[in-house]
Protein chains: 2
Amino acid sequence: MSELSTLAAMKLSNGVEWALHSCVTLSQSREPVPAARLAELHGTPPAYLAKHLQALSRAGIVHSTAGQVGGYELTRPADQISALEVVRAIDGEEPAYRCTEIRQRGPLALPAERCQRPCAIARAMAAAEEAWADALRHVTIADLAARIDADSEGTAMAAVSRWLATAR
Amino acid sequence: MSELSTLAAMKLSNGVEWALHSCVTLSQSREPVPAARLAELHGTPPAYLAKHLQALSRAGIVHSTAGQVGGYELTRPADQISALEVVRAIDGEEPAYRCTEIRQRGPLALPAERCQRPCAIARAMAAAEEAWADALRHVTIADLAARIDADSEGTAMAAVSRWLATAR
DNA sequence: ATGATCTCGGACAGTTTCTATCCGAGTTCT
DNA sequence: AGAACTCGGATAGAAACTGTCCGAGATCAT
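Quick notes on the rules
Along each chain, the written sequence defines residue order, and numbers are assigned to residues from 1. Lettering of chains starts at A and numbering of ligands starts at 1, both following the order in which they are written. Per-residue local features are limited, in this predicted model, to residues with pLDDT of at least 70; the limit for side-chain atom pairs, both in listing and counting, is 80 or more; totals at the level of whole chains, interfaces and linings are taken over all residues. Hydrogens and water are ignored here; the side-chain numbers use all heavy atoms of the structure. Cysteine sulfur pairs qualify as disulfides if the two atoms are within 2.5 Å. Relative accessible area decides the class of each residue, using a 1.4 Å probe on protein chains only: under 20% of the type maximum gives buried, over 50% gives exposed, and in between gives partly exposed. Here a residue is considered near a molecule or strand provided that any single heavy atom belonging to it is located within 4 Å of it. Think of a polar contact as two N or O atoms within 3.5 Å of one another; within protein, one of them needs to be a possible hydrogen donor and the other a possible acceptor, and neighboring residues in sequence only count if both atoms come from side chains. Going along the chain from the N terminus, every DSSP run of H or I of four or more residues is numbered as a helix, and every run of E of two or more is numbered as a strand. Each residue gets one of three labels, nonpolar for Ala, Val, Leu, Ile, Met, Phe, Trp, Tyr, Cys and Pro, charged for Asp, Glu, Lys and Arg, and polar for the others, Gly among them. Here the copies are matched by least squares. The fit uses the C-alpha atoms of residues with pLDDT of at least 70 in both. Contact definition: two residues touch when any of their heavy atoms are within 4.5 Å.

Visitor: Explain the state of the cysteines to me, and be specific about the residues and the numbers.
Guide: Simply put, disulfide is the name for a covalent bond between the sulfur atoms of two cysteines. Across all of its chains, the model carries 0 disulfides over all chains by this definition. A:C119 provides the cysteine sulfur closest to A:C99, a residue in no disulfide bond, and the two sulfurs are 4.5 Å apart. A:C99 sits in the partly exposed class, given a relative accessible area of 29%. Cysteine B:C23 shares no disulfide, and the gap to the nearest cysteine sulfur, in A:C119, comes to 14 Å.

Visitor: Hey, could you go over the protein's contact with DNA strand C for me, with residue numbers and the actual values?
Guide: Taken together, 24 residues surround DNA strand C, and among them A:Q68, B:K11, B:S64, B:G67 and B:Y72 come closest. Counting only the atoms of DNA strand C that lie within 4 Å of the protein, the sugar and phosphate share comes to 71%. Residue B:Q54 places a side-chain N or O atom 3.3 Å away from a base nitrogen belonging to DNA strand C. Side-chain polar atom of B:S64 to a phosphate oxygen of DNA strand C: 2.7 Å apart, as the coordinates give it. At the level of elements, α3 (46-58) of chain A together with α3 (46-58), β1 (62-65) and β2 (71-74) of chain B are the ones that each hand at least two residues to the surface near DNA strand C. Ranked by residues supplied to the surface near DNA strand C, first place goes to α3(A) with 3 residues. Taken together, the residues that form the surface near DNA strand C break down as 11 nonpolar, 11 polar and 2 charged.

Visitor: Quick rundown of the relation of the copies chain B and chain A? Include the residues and the values.
Guide: Turning chain B through 180 degrees and shifting it by 0.0 Å along the axis lays it on chain A, with an RMSD of 0.1 Å. Such a turn and shift between the copies fits a two-fold axis. Identified as the residue of chain B closest to the rotation axis by C-alpha distance is B:W132, at 2.4 Å. Mapped onto chain A, 98% of the interface residues of chain B are again interface residues, and the two copies thus contact each other with one and the same surface.

Next comes the structure, spelled out in structure tokens:
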């Protein structure tokens, strides 16, 4: 009788973590930062991180510049970019719970005309996701940077700025 | 310039929907209901639904009985089973966001002794997931059944009970 | 008591999604 | 104008989800 529990879970794409850290890092530099440099700082595969940065670019969160002095930079001040925007840019806009209209199938199927409002189960799941989104909507990249700095007693962000400026 | 958006999203297992509907259905019957019968009612693949019902059984939400008059039944009153329990049973206990400790990697890696508290980004994501869980924790299977019944003006649950009792 | 029928339970493939990588298009500096 | 460096999308590999099958166990009829 082994307590074999499946630890699958509502998996959030791994790139979300890298994207959030990248945005916090970018908030500490006014000059464009190449993807390879972000990958080196975060210890992640360069090519794969680049793919996620492209998603941020498409979402209008960062702006990319090509060429020798190119790289990525935030399009707006860090206090005007919410964590929710970043998560949605990487993970997609589609809700986690997708109702397949079970009530319209089987021997007790309801007619479509009586299913204009989402079913109660879908409503409950949507409300939960809205609570999740609200929590992330009110957290900005600037907030995250400030908290990380506080955790390190004000040394972390300065160290990042210093590292970004050196060894270009 | 096609607005090609990736609609991947924090995908929640499809079986969550079937499990929630199954629990609502089981709340309308005091006798065990076979998996094949639930699948017929919901219009889902019988064998695959059975797989998810096994997960509910392992989580202690339903009790299975073998044999000719066997099937699944709820282990507790429907007002003592939260939607969160059902979702967790199917989708797993692991949080959606998994921190890989980026701060401990790269040239600016922090020593492990200064990383006993989760990093600020992980804390923000955990808080959002806790808000999501709270919303689902306060919704019971009985609530869902009552709301579905209200949506159909009090006919849906009676129809389910009637269908379960017939054509055995 | 025995056999047959019906049930659940875990082990077995197919398909989609995520992970990871490479090379071409465009831009800047020499 | 040439060279070096950057982003961008198209291309393989791995993991997870989706779907299915057959065996183990229990109940009812004989």
